[in-house]
Each structure stands twice: as C-alpha cells, then as structure tokens.
Amino acid sequence: MFARIGTWCHDHRRVVVAIWVALVVVLGGISGGVGADFKEDFQGPNVESQRGFDILKDRFGGVGAGVSGTVVFRAEQGVDDPAVRSAMEDYLAAFDARDDVTVASPYEPGGEYRISRQGPEAGKIAYADIEMPDDTTWDGSKALGKELLRDAPDIEGLQVEVGGQSFAGFEAPSSEVIGLAFAIVILILSFGSVLAMGLPVAVALFGIGVGTTLLILATNLLAVPDFAQFLGMMIGLGVGIDYALFIVTRYRENLHHGHTVREAISIALDTAGRAVAFAGATVIISFLGMVVMGVAFISGVAVTAALVVGATVAASLTLLPALLGFAARRVELTRWRGLIAAGLVAVALLGAGLGVPAIVVPAMVLAAVVLALGFALAPLKRTVDVRKAKPLAKTAAFRWSRLIQRRPWASFLAGVLVLLTLGVPVLGLRLGFSDEGNFDEATTTRKAYDLLADGFGAGFNGPLLMVTEVPADVDTASLDAIGAAVAEDPGVAFVSPAMLNDPGSPSAARWIVIPTTAPQDESTTRTLGRLRHDVLPAVELDGQVDVAVTGFTAVGVDFSNYLGARLPYFFGAVLALSFLLLMVVFRSVLVPLKAVIMNLLSIGAAYGVVVAMFQWGWLGGLTGVEPAPVEPFVPMMLFAIVFGLSMDYEVFLLSRIKEEWTRTGDSHLAVANGLAATAKVITAAAAIMVVVFGSFLLEIDRVLKLMGVGLSVAVLLDATVVRLLLVPATMELLGDRNWWLPRWLDRLLPNIDVEGHPDEVDEFQAADAERELEPA
C-alpha cells in the first residue's frame, strides 16, 4: 500500500501539491472567520473544589468563577489623594459603563476593604475587581487587558497594573522561528544539499499549517488552553522535519543504488514511510490516551496535539513524495549560491525570532533573489556514483558500535549510571500550579501580583473560598462559628463574615479566606488540608452544613492530587502499549522489554532535570525561571510525547538491525551495520528536535519553557545515551536471544511490517558485510 501511495503521489504530483495548498488556504480562511476560543476548563470528576464552584454558579451566579482579573494601582501620595481618586474613578467608571465589563471599585460604598490599611504600604495600594461574562473568548479577555493598560491615567507618582491570567498579555512565541533557523543549518550539514534541506522544512510547515488551523477550529468544540497552539507548533515542527528527514534519506539511498526517481520514491515510502506511519500512529495513540484522565483541558490538549501530528504524518506520506517528484535528482545538488541563500534565510529567521527587523527585511529579500537565481541557473548534476559510496565498515558509527560491543558491560553500566544520576531529583517532585508570581518581572501581570502581596499580604493572591448550601431550618447565626474556627488556624490571615446569597431567605453562604502564605507555597497546601480534614468537620456537624473549600488555589491542589494519583496508571498503560506494539513489530520479547526499561530511565532523567531547573531553581539566573511546583499535567504530557518520539528512533534503528539480522544471520554484525546505516540520520533528527524544543526556553511563558526543556533533554538522552550506548551494549550482551519469541506467541500475534519490501538489497552493504570479519 505504501509503495502505491508513493507512486501515485509521484505520478499526480501537481494534483497533490494543489490539494495541500488548497487545504492550507481554505482551512486558514475558515479558522480566521470562525476564530479561536481558547479556555482552561479544569472541570473534572468528584473533587471538592469543583463542587464548591458548582454551588457558586447555582446560588451566587458564578461569583469567583468567571473571567476575572484586577486593576492594581499604587500612588506614592496615597490612593485617596484627590487627583488620584478623581482620575481613577473616571477611569474605572468608563469600563464599568460597558455592557461586557463589570467593575467593583475600591471607592464605591462597601469597597473600602480593597485599599491596603496595614504595613508600610498602608493607603498607597488599592485594587478594583474586573469581571467579564463566562462566555468571553480568549481574544476578548486579552484585548480588554491591553485596553486597561492603554487607558490608565497618567499622573506623576501613580502606577497602574493589570493582574490575573485572564488578562495577561500572552505574546505569541517566536522561538520556533529560531529553532527553524538552526534546523536549516543542521539539515544543510547533514544533507549537503539545499533542496534536500528544504523539502523536510516545507513538509513540516505544510503539516503545521493544516494542523494548527484544525486546532483553532477545535477550540470552539473542546476546552483547549491557550498554550496548546504553541505546544502543537513545537511538536509539529519537530516531528514533521524528523519524519520527512527519514523518508528523504531513504530516497537518496535508493538513488545511490541506481533506482529511477519513481522507484526510489516508491521504495522510500515502502520502507521509511511505513516506519513514519507506525511511529506517528503511536504518538497519536499516546496523546489520545490522556483523554481517559477525565479532565477537560487535558483532553483538549491531547486531541489538538494529535491533530497536528496526524497532519504532519499525512504531509510526509503524500506531499513529500510529490515534492520529491519535482525535485527528482536535484536533491544531490550542492552549489555555493544555494548554500549562501540558505544561510541568509537562516539569518533572516534568526533575526525574526530575536526581533531584529533590520536583519530580517534585507536578508529575506536577498535570500529570495539568490535562491531564485540558483534554481533557475543551476544545471542538472548526475547522482552520486554508487561505487564511491562509503562502506559501512569505514564509518565512524560502525567503529563506535564495535567499540561498545567490545566492552558491553562497561558501556551498559556507564549509560545506566548517567541516567540514574540525572533522575535523582525526581524523587523530590512536587506537583502544583505556578501562578502570576512566576511571570517575568517586566510584565504587568507580575507587577500587579507583587503590588497585591506588598499591600495585602502574600496569601492575598490565592484566596480560598468556602461555600455551603444552607438548609431552611438552620440558624444563620451559627455560620459565624464556622468563620471563627477557621480564623484560629495558624495558616489563616483573614476570614470574611459569612455572605448569604439572599439575606431574606438564604440557601447558600460563602466566606473569603486569606492564607498567610503564597498560593504555590507548600504551607498553603497544608493549610488547605487542615481546614478540610481537621477544622471544618467539627463545626459542620454543629451547623448541619457541608462546607466545600474552593477557589483557584484549591483547584490547583485538587487537580494536582487527582492527576498525581492517576499518573502510575497512565504510565503503565503507555508502557504496556509500547511493549505490545514493539513485540508485534519485531517478533521479540526481550527487545520491547529493554525498550520499556530504557524509556523509563530516559524519561526519569528528563524529569530529574526539569525538577532541578523549575522546582529547585537551578540555573535560574540564566534561564529566568523562578522556583515553583511542576504543573501536574506536564509529566503526563512529557511522557506521552517522549514515548512517541522514542518509538521513532526505536523503530528506525531496530528495523534496520532486524533487516540486517534477517539477511546475515549474524546478530553482532547486524547491530554494527544497523547503527552505521541509521546513526547519521538519527543524530541529525535528534539535533533538530533538541534545538527546536530547546529554543522554547527563550519564551516568557513558564509552561512552554518547562515543556521545551523536558522534551529537548529527553530527546538528547534518548538519541545519545540510549540509542548510541545502551542499545548496542544490551543487544551485544543478548546476542541472538534478542529475537527470541515463543512459537505459540508468534502464532497468536498479528503481522505488522514496518521494514517494507525494497526491490533489492544494497550491493555495497552486502559486500561490506562479507568483508567485515573482525569479531566483536
């Protein structure tokens, strides 16, 4: 089937390219017309904070649960200064007059508590609550945040900031452009051909274009957080280039073996294309496995990421063969003007990523002119003569494999020691949500957070809400005892009086509780636990009520506990799936077992680096990261993504080793030949992913930084320590036992062929195998 797909796309290449261009244009137009509706819906099953929000929504109209934020202001002369008060009242009243905005001012009757009254900042700091309807779109809330900053009064001594993540000025990342620039350089060094470099980049961009438009459309149907778009771009760029890179490499090999362009495309799709389809399917399955966690926004991230990966796989299997048909044997061309043009494009992209317009415009224009002239004037060059192809036994990768195979135990122990050492910090992993206090200090969101902490205390940025339904026969005066009991807890700084939804005939009551510590502080988590398990049960019994402690801080704790308790089941399901898939593909028990163990070691090491950098704050001065708990959905997402990516390298490497073992019957030589044949392309693919993912460390958003570091470290370890050290060492130790499979199990397992059926074996590879007589 894959060979027929490659042949058909080659023969109908104009139609295929036209279809992909039309898809990008049409889907882009539709998504632009429909718009995006990003939202973070933490709704999940059976958690106390969600029950509290449900009561707030039903009895208080959703107070505290809508799209809300704050305008925080500080006046050196005092917020009650006549000039400051007049300007701020007019400013807040102008927004309150809008139909889509509700403003609770510190100057209105009963709003005096919004002005700081204690400490060195007493009377200097105040805030106003800003609320928008629950159905406000992501673009709408961000636009309001910009308007609030733009229209702020300009008075000497007055500082106005806008707080709350709903109104945070989230800037679209540009680091993926930097990653793309370095990917161009890596591909040039790997292929030595501008056109061979451009094909994987073009395919990845088409896949991302279609995938992200589908993602934007999906935000109108699913709860998708705003960072999912950029996470999808990150993953799509990495896997898109990787998948195309593997296929183009196999295509060039086929040309070197004397095949026609049409045959080379067909064989490439029947070999590398099969592996791409299988690897892409495993990535998609691992993403969709997160849906079973039962959390709305995680399901949204999983489905949209799977859409982007699916689009990149489709582009690799259809668009790439068509483009190869146009490129034909020009993929072997290497000309100075092409290299210069590619270099200028890389410089232009780097300038765009760093925000240097002076570099971008002239470089892009010059690059376009040089590139056009290069393609127009370049004569067709003959393909590389097969007789000049370098024998595998003379490659550095072959010699490396032989070195590892001579000392398998030392290599194995060294690799395991490296991974275990890097993974030690994961023992101190603490799951939780970061907050506005982790934003960059230059952002208005962080400045507002710091002002509130200075004026009202560290816990003011993460208030707890207590809410309960009130039976008709309950004496509402008894509710005061609940507030008094909570106020006596050492972790509580302030408790408001009970607020009734209807003073005449109340059916619910709520309290605002301000902890003494910051929202992400571990002490706040302990305070929440004491209130729920020690303080409230005693007074609830007397008051005949059931108090739920909620608020966004409580939501973060509940979801961290919920997801943390289910992570082992998710990990177990993914590892079991990988074991079964690899066992079916490679007809072996030990090969998939080793893959599962090494996958655990490499992801554990990546987790350890993430904990050290983002939870402990190591290298914070260089990365701009402040210590905070690790977001509870990140370990799960990292595991799903890394599982899929490691399957890429596992399939490409082991399928080549299995092909060699089937041909030669020598397991030791098969390992060396398989590693030699794939090491260059795996190294290039991994280097691209490391750069693309690592470039997200330059972003402001903490989640993107965390995901970028985790993925880049995991890919780096997987492609070096695992593939180049542990795989050849363990396969050497096991020898022919690598491919052992009980006969009864072999009869039960279905046949999935990812090795394909190339028309002929590489004659020089066979000759190389015959010449290699040195024992391992």
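### Let's talk about the packing of helix α14 (residues 408-423) against helix α23 (residues 702-734)
Stage number 1. Viewed as axis vectors pointing N to C, α14 and α23 meet at an angle of 145°, and their least axial separation amounts to 8 Å. In this structure, α14 meets α23 at a crossing whose hand is left-handed. Where α14 approaches α23, its residues Pro408, Trp409, Ser411, Phe412, Gly415, Val416, Val418, Leu419 and Leu422 are matched on the opposing element by Leu717, Val721, Val722, Leu725, Leu726, Ala729, Thr730, Glu732 and Leu733.
Stage number 2. Tallied by class, the residues present in the contact of α14 with α23 amount to 14 nonpolar, three polar and one charged.

### Structural notes on the packing of aromatic side chains
Stage number 1. Tallied over the full model, the rule gives 14 aromatic pairs.
Stage number 2. Consider the rings of Phe433 and Phe633, whose centres lie 6.2 Å apart with planes at 45°: the pair is tilted. With Phe433 in the loop between α14 and α15 (444-456) and Phe633 in the loop between α20 (620-623) and α21 (634-664), this pair connects stretches of sequence that are 200 residues apart.
Stage number 3. Judged by its relative accessible area of 4%, Phe633 falls in the buried class.
Stage number 4. Relative to Phe639, the ring of Phe571 lies with its centre 4.3 Å away and its plane at 25°, an arrangement referred to as stacked. Here the residue Phe571 occupies a position in helix α18 (residues 552-586), and Phe639 occupies one in helix α21, the gap between them amounting to 68 residues.
Stage number 5. Phe639 gets classed as buried once you look at its relative accessible area, which sits at 2%.
Stage number 6. Site record: aromatic cluster; members linked through ring pairs are Phe570, Phe571, Tyr607 and Phe639.
Stage number 7. Lying across the ring of Phe326, Arg13 places its NZ or CZ 5.5 Å from the centre.

### What to know about the side chain of Gln615
Stage number 1. Relative to the elements of secondary structure, Gln615 occurs in helix α19 (residues 590-615).
Stage number 2. Among the polar contacts made by the side chain of Gln615, one reaches the main-chain carbonyl oxygen of Gly428 at a distance of 2.6 Å.
Stage number 3. Setting aside residues no more than four positions away along its own chain, Gln615 makes contact with Gly428, Leu429, Arg430, Val610, Pro627, Ala628 and Val630.

### Digging into the pattern of salt bridges
Stage number 1. Using the criterion set out here, one finds 27 salt bridges in the structure.
Stage number 2. Between Arg59 and Glu469 there is a salt bridge, and its shortest N-O distance comes to 3.2 Å. Taken together, the residues Arg59 in helix α3 (residues 48-60) and Glu469 in strand β5 (residues 464-469) connect sequence positions 410 residues apart.
Stage number 3. Since its relative accessible area comes to 32%, Arg59 is described here as partly exposed.
Stage number 4. What makes Glu469 partly exposed here is its relative accessible area of 41%.
Stage number 5. Of the charged contacts, one joins Glu253 and Arg250 as a salt bridge, the two residues approaching to 3.7 Å between their closest N and O atoms. Placement of both Glu253 and Arg250 in helix α8 (residues 227-256) is noted, with a separation of three residues, approximately one turn of the helix.

### Examining the sheet that holds strand β1 (residues 67-75)
Stage number 1. Spatial strand order, β2-β3-β1-β4: four strands in an open sheet with antiparallel pairing. Lying at the two open borders of the sheet, with one neighbouring strand each, are β2 (102-104) and β4 (158-163). The average angle at which neighbouring strand axes cross in this sheet is 20°, direction not considered.
Stage number 2. Of the strand pairs in this sheet, β1 and β4 are connected by six bridges, and their pairing is antiparallel. Counted as the bridge partner of Arg74 is Gln159 from β4.
Stage number 3. On the sheet, α15 packs against β1, β3 (125-132) and β4 and is oriented at approximately 110° with respect to β4.

### What to know about the environment of Met636
Stage number 1. Note that Met636 resides in helix α21.
Stage number 2. Met636 gets classed as buried once you look at its relative accessible area, which sits at 0%.
Stage number 3. A sequence separation of 69 residues divides Met636 from Leu567, and the C-alpha atoms of the two residues are 6.7 Å apart.
Stage number 4. Dropping the residues within four chain positions of it, Met636 is found in contact with Met290, Met293, Ile298, Leu567, Phe570, Phe571 and Tyr607.

### Some details on the pairing of β5
Stage number 1. Judged by how many residues are buried, β5 sits mostly within the fold: five of six residues are covered.
Stage number 2. Looking at chain direction, β5 and strand β8 (residues 508-515) are connected through six bridges and run antiparallel. By the bridge assignment, Leu464 is partnered in β8 with Val513.
Stage number 3. Examined bridge by bridge, β5 and strand β9 (residues 548-550) share three bridges and lie antiparallel to one another. Considered in β9, the bridge of Leu465 is made with Thr550.

### A closer look at the nonpolar core
Stage number 1. Of all hydrophobic cores here, the largest spans 165 residues; its most connected members are Tyr251, Phe287, Met290, Phe570, Phe633, Tyr649 and Met707.
Stage number 2. With near-sequence residues (within four places) excluded, Met707 lies in contact with Leu231, Met234, Val634, Met637, Leu638 and Ile641.
Stage number 3. The next biggest cluster of nonpolar side chains, apart from the first, holds 24 residues, and it includes Val71, Val103, Ala128 and Leu158.

### Details of a nonpolar patch on the surface
Stage number 1. A contiguous nonpolar patch, built from Val21, Val25, Val26, Ile30 and Val34 and spanning about 410 Å² of accessible area, is present on the exposed surface.
Stage number 2. In this fold, Ile30 is placed in helix α2 (residues 13-34).
Stage number 3. The exposure class assigned to Ile30 is partly exposed, which follows from its relative accessible area of 40%.

Conventions used here
- Sequence order sets the numbering: in each chain, residues are counted from 1 along the sequence as written.
- At least 70 in pLDDT is required for a residue's local features to be given in this predicted model, at least 80 for side-chain atom pairs to be given and counted, and no such filter applies to totals for whole chains, interfaces and linings, which use all residues.
- For side-chain calculations, the full set of non-hydrogen atoms in the structure is used, while hydrogens and water are omitted.
- For helices, the fitted line uses only the C-alpha atoms of the stretch in contact; every axis is such a line through C-alpha atoms, and the angle between N-to-C directions lies from 0 to 180 degrees.
- Numbered from the N terminus, helices here are DSSP runs of H or I no shorter than four residues, and strands are runs of E no shorter than two.
- Here is the rule for handedness: rotate from the far helix to the near one, and if that takes an anticlockwise turn smaller than a right angle the crossing is left-handed, while a clockwise turn gives right-handed.
- Note on contacts: a residue pair qualifies if any of its non-hydrogen atoms lie within 4.5 Å across the two residues.
- Only Asp, Glu, Lys and Arg are considered charged, only Ala, Val, Leu, Ile, Met, Phe, Trp, Tyr, Cys and Pro nonpolar, and every remaining residue, Gly among them, polar.
- Ring geometry is summarised as follows: Phe, Tyr and Trp rings, the Trp one being its six-membered ring, pair when their centres sit within 6.5 Å, and such pairs are stacked at plane angles under 30 degrees, edge-to-face over 60 and tilted between the two.
- Buried residues are those whose accessible area, probed at 1.4 Å on protein chains only, stays under 20% of the maximum for their type, while exposed residues exceed 50% and partly exposed ones sit between those limits.
- Whether a charge sits over a ring depends on NZ of Lys or CZ of Arg being within 6 Å of the ring centre and within 35 degrees of the ring normal.
- N or O atoms closer than or at 3.5 Å make up a polar contact, with two conditions inside protein: a donor-capable atom paired with an acceptor-capable one, and, for residues adjacent in sequence, both atoms drawn from side chains.
- Here, a salt bridge means any Lys or Arg side-chain nitrogen found within 4 Å of an Asp or Glu carboxyl oxygen.
- Any two strands with at least two DSSP bridges between them are considered paired.
- The nonpolar core is taken to be a set of buried Ala, Val, Leu, Ile, Met, Phe, Trp, Tyr and Cys residues, with the residues joined through side-chain atoms within 4.5 Å.
- Patches draw on residues past 30% relative accessible area with no salt bridge. Two like charges within 9 Å are joined, as are two nonpolar side chains (Val, Leu, Ile, Met, Phe, Trp, Tyr) within 5 Å.
- Here the accessible surface of atoms and residues is derived via Shrake-Rupley with a 1.4 Å probe, and residues count as covered only by protein chains that are part of the display.

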